[in-house]
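Here's the letter readout for the chains.
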Amino acid sequence: MATPTLEKAADTAAASPYITVTFRIRRFNPEVSDEAQWQDFQVDIDPKERVLDGLHKIKWDLDGSLTFRRSCAHGICGSDAMRINGKNRLACKTLIKDINPEKPITVEPIKGMTVLKDLVVDMEPFFQAYRDVMPFLITSGNEPTRERLQSAEDRERFDDTTKCILCAACTSSCPVFWNDGQYFGPAAIVNAHRFIFDSRDEAGEQRLEILNDKDGVWRCRTTFNCTDACPRGIEVTKAIQEVKRALITRRY
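Read on for a plain summary of the structure. These numbers come from a predicted model, not from an experiment.

What counts and how
Residues numbered from 1 in each chain as written. Predicted model: local features only at pLDDT ≥ 70, side-chain atom pairs only at ≥ 80, totals over all residues. Heavy atoms only, no water. Disulfide = S-S within 2.5 Å. Buried < 20%, exposed > 50% of the residue type's maximum accessible area, 1.4 Å probe, protein only. Pairing = 2+ DSSP bridges. Helix = DSSP H or I, 4+ residues; strand = E, 2+ residues; numbered from the N terminus. Axes fitted to C-alpha atoms, helices over the stretch in contact; angles between N-to-C directions.

With that settled, the discussion passes to the state of the cysteines. Across all of its chains, the model carries zero disulfides by this definition. The thiol sulfur of cysteine 164 is not disulfide-bonded, and the nearest other cysteine sulfur, from cysteine 170, lies at 6.2 Å. You can call cysteine 164 partly exposed: its relative accessible area is 21%. Among the residues examined, cysteine 170 registers a relative accessible area of 10% and is labelled buried.

Dropping the structure here:
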């Protein structure tokens, strides 16, 4: 009677989707050491799960001190941007099977920003640059009594740059930003673009002058890292070039 049970157990084990994956995480705790170090964790996980699921398993079952940001877990909030196998990605959108789980999966904080702990960086300079470009509709006159209408063609002009979720994946992939934290960075320029080219807005000239600063749009070296890193597929480099052209021609 024991043989069928053993065979069933063997069949169940063979059908299990789980594999053992090594997560190699760059750890940093300023209360313990001034130096960061790598730490490996072995995780049994379905390859169709996400890197975020693996991080959850580590935090919940292996080491509760592991620190990282996440919120919606569906690629909308942008809070879990990190470097995964050397590339900026959202942990909630990166599947284990898509990044060669046979080798250690390296996870580290995004570059160019001060690391606070483990995978958490100080985002305040990033958000200050965002605020500096006035990312809101500016109009004159009295408040309208109905919705401000806009043609489909006018909307299409800036539709791509409305997709930004402020994850900082583009900005923290920029070599110029790595070496000069004063640079506005791709995300701020993308969000300025969204309003500069909005036919309802009246502050395009102001935003262009802000980006005409020495730390503004002219610092871009067109390496396309930002476009490659964007998890929303925004043509970031194209948007930056359009802002440069608007500064030269004053047509937008």
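Within the open sheet, the five strands sit side by side as 2-1-5-3-4. Their pairing is mixed. Of all strands in the sheet, those with a lone pairing partner are strand 2 (37–45) and strand 4 (87–90), marking the two edges. Averaged over all adjacent pairs, the angle separating strand axes in this sheet is 35°, with direction ignored. Bridging between strand 3 (residues 81–84) and strand 5 (residues 105–108) involves two bridges; their strand directions are antiparallel. For isoleucine 84, the partnering residue across the bridge sits in strand 5 and is valine 107.

Attention now goes to the pairing of strand 5. Examined bridge by bridge, strand 1 (residues 19–27) and strand 5 share three bridges and lie parallel to one another. Looking across to strand 5, one finds that arginine 24 is bridged to threonine 106.

Of note in the backbone geometry, asparagine 100 takes a positive phi value of approximately 55° without being a glycine. Position of asparagine 100 relative to the elements: it lies in the loop between strand 4 and strand 5. A positive phi angle, close to 75°, is found at alanine 168, a residue other than glycine. Take alanine 168: it is sitting in the loop between helix 4 (152–156) and helix 5 (175–179).

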